[in-house]
Structure formats: structure tokens, C-alpha cells
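# Descriptive analysis of the structure
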Amino acid sequence: MRPTGKLHIGHYVGALENWVKLQEEYQNFHLIADYHVLTTNLDTKDIYENSTEMLIDWLASGLDPEKSPMFRQSQIKEHTELNLIFGMLITVNRLERNPTVKEQARDLKIETVIYGHLGYPVLQAADILLYKGNYVPVGEDQVPHVEISREIARKFNNQYGEVFPEPEPLLTKFARLPGIDGSAKMSKSMGNTILLSDDPETIKAKMKKAVTDPQKIRKGDPGNPEICLVFAYHKKFNPEEVPEVEAGCRSGALGCFDCKMNCSSKISEFFEPVREKRKYYELHPDEVKGILVDGEKRAKIIARETMAEVHEKMKLG
């Protein structure tokens, strides 16, 4: 993940919840992708604070630093060295065909794509292959990036000798949570998020503003829950009451305000353990820093071993 500060519930549903499960099945590496921030924002003054806030949310959500090292990309210099080598194994034309970068440029209204942004998937390939990743948990929109990693691994192995596996996408099965303004996704830049750290009153205030079926203006009007983002939240955080909520919405018996407040309380209840755990880490910053330092030490050992293999195969050492 790119460190942009505190995470929202869309991050939890889209990635964190799955990562917590995967740490029981695989050896995981959790990368704080601070260099990747530079592809769309050159201001780095808050990058350490944002990295720490994100790490606290990871820990609060249940990621275990004993099982999975967590580390900053910028502190493992081998990422940049492998990125340089991989940059020689792919053409500009191939990178320009990557739909994900095009979509990101469009969404962020970037008129001129910088060299580093175009090469984002190459650095991502280095991030994955430095630790010989076999699987990468991604949503469908990131599959083209993983395919580039596979191509680069194949090209290196064919050119110099077998070092890297060809990583496979491990598709995250989730419905993306819409933003409270009705947008297709939550985004802090759009101001339509509920943060993992938000207290119940803040969640309630945000949910009051949540967009619902525009045809359901007052209680008594029949609504269509399938186009209501609040119903999407119910399905995730209040599954037991979904049939009742759906019936009440369609008949008009359930008003939007009551529906929102019920959903708000369920979201607050769902994330209460996360908030409590977060408070602990906020009060123990040295412990958080220690987790980061330990993760970086462990990552460096593996990164150096991989680069020693790369040097040997390339006859650089």
C-alpha cells in the first residue's frame, strides 16, 4: 500500500481483511510503498507520519509482525537496484499499453505522465520479485501489473538464468465499498470515506450525509435498495438484518434516516476492536517504530540474498 495516512473501511474490506486471513496460509511480506507515492505526489514532508499511521491501522486490523515483516520500501536499497535492472528488460511501448496507469492518470487528471509513473509497474515488479513472491493478492484492476512482473521475471530468467518465480495474482474476492457520496469507490482525496479510526459519533455524522435512492424522498416512499450505498454497507456489516432492511426499504416502512443510523451503529460495533487496538499503538509509538525496524532488518536479509543471486547470474559479482 502507498502510505497516505490513516486508512478507511474500504481499505479494510478491499485488502486488510484478506491479508489477515492470508497470513495464516502463506509467508507474507507487507510493503509500505513510500517510493510509489512520488509517482503522483512529490511532496514528502508527511511521508514518515503517513507510513506510521498506515502501519498502526495494519496492526490494529490484525496483521501480526511476528508472522509477516512490515517495512518501508525506501529503506531497502535493493528495491531501486533491481528496478534499474528490470527497466532494461521492458520496452516503453509495453508500459504505455498498461491500462492501469492510463486509468490512474485519467482519474487524477494528470495531463503529462512522468517517467517514474510510467515505470510504476517495473518498480512494483522489483517489489514482488525481490522476495521471490509466488502470489500477489490484488483486485482485478491490478492484474495487468502482475502480468508485467511475470513478463520481466521470464525475460530475466531466459537472459541470465533462473532466479525468479513468475508470480500469479491471487484475486481478492470483494465488492468494492462505494463512497458515502455515492461514488464508485472510497477515496480520501474525494472526502467520501469512513476511517477505521473514526469514533461512533463521527461515523454517525458521516452516515447522515450518505447518498440513498434519490426516488425515496420521505418515509413511506418505496425504495430500491440495490442502488443504495447504505444497503451495500448493511450487506457487509449487518448481514443478519439484510432481509428485514431490504423488505422495509422496498415497502417504504423503513425510512432512510433510521436505516442510516442502524447501519452507523453496526459499522461502529464492527470496528470497535480495531479502534481499541489502534489506541494501544497510538500510546506506544516506540513499539510501532520497533516493529518497523525489525521488519526492515528481516526484509534486508532476503533482499541481499536475492541480489547476490542476481549479481552471480549476471556475472556482475
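Located above this text is the structure these notes cover.
Summary of the structure given here. (Residues numbered from 1 in each chain as written. Predicted model: local features only at pLDDT ≥ 70, side-chain atom pairs only at ≥ 80, totals over all residues. Heavy atoms only, no water.)

## Overview of the nonpolar core
Core analysis: the biggest nonpolar cluster contains 42 residues, and W58, I194, M207, Y233 and I267 have the highest contact counts within it. Mapped by element, the contributors of at least two residues to this core are α1 (9–22), α3 (47–61), α10 (200–208), α11 (229–237), α12 (242–251), α13 (256–270), α14 (272–283) and α15 (285–314). Those residues in contact with Y233, other than ones at most four positions away along the chain, are L177, P178, G179, I180, M186, I194, M207, N238, C263 and I267. Membership of the second largest hydrophobic core comes to 32 residues, among which are V122, I148, V163 and M307. (Core = buried A, V, L, I, M, F, W, Y, C linked by side-chain atoms within 4.5 Å. Buried < 20%, exposed > 50% of the residue type's maximum accessible area, 1.4 Å probe, protein only. Helix = DSSP H or I, 4+ residues; strand = E, 2+ residues; numbered from the N terminus. Contact = heavy atoms within 4.5 Å.)

## Regarding the environment of A33
Along the chain, A33 falls in the loop between β1 (30–32) and α2 (34–37). Residue class for A33 comes out buried when judged on its relative accessible area of 5%. Residues A33 and M1 lie 32 residues apart in sequence; the distance between their C-alpha atoms is 5.6 Å. Ignoring anything within four residues of it in the chain, the contact list for A33 reads M1, R2, P3 and Q73.

## Focus on α1
Look at α1: 19 Å from first C-alpha to last across 14 residues, which is about the 20 Å you get at 1.5 Å a residue. Within α1, 10 of the 14 residues are buried, which leaves the element mostly enclosed by the surrounding structure. Those residues of α1 not exposed but buried are I9, G10, Y12, V13, G14, A15, L16, E17, W19 and L22. In the core, the buried residues of α1 are packed alongside β1, α3, β3 (135–138), β4 (168–171), α11 and α13. (Expected span 1.5 Å × (residues − 1).)

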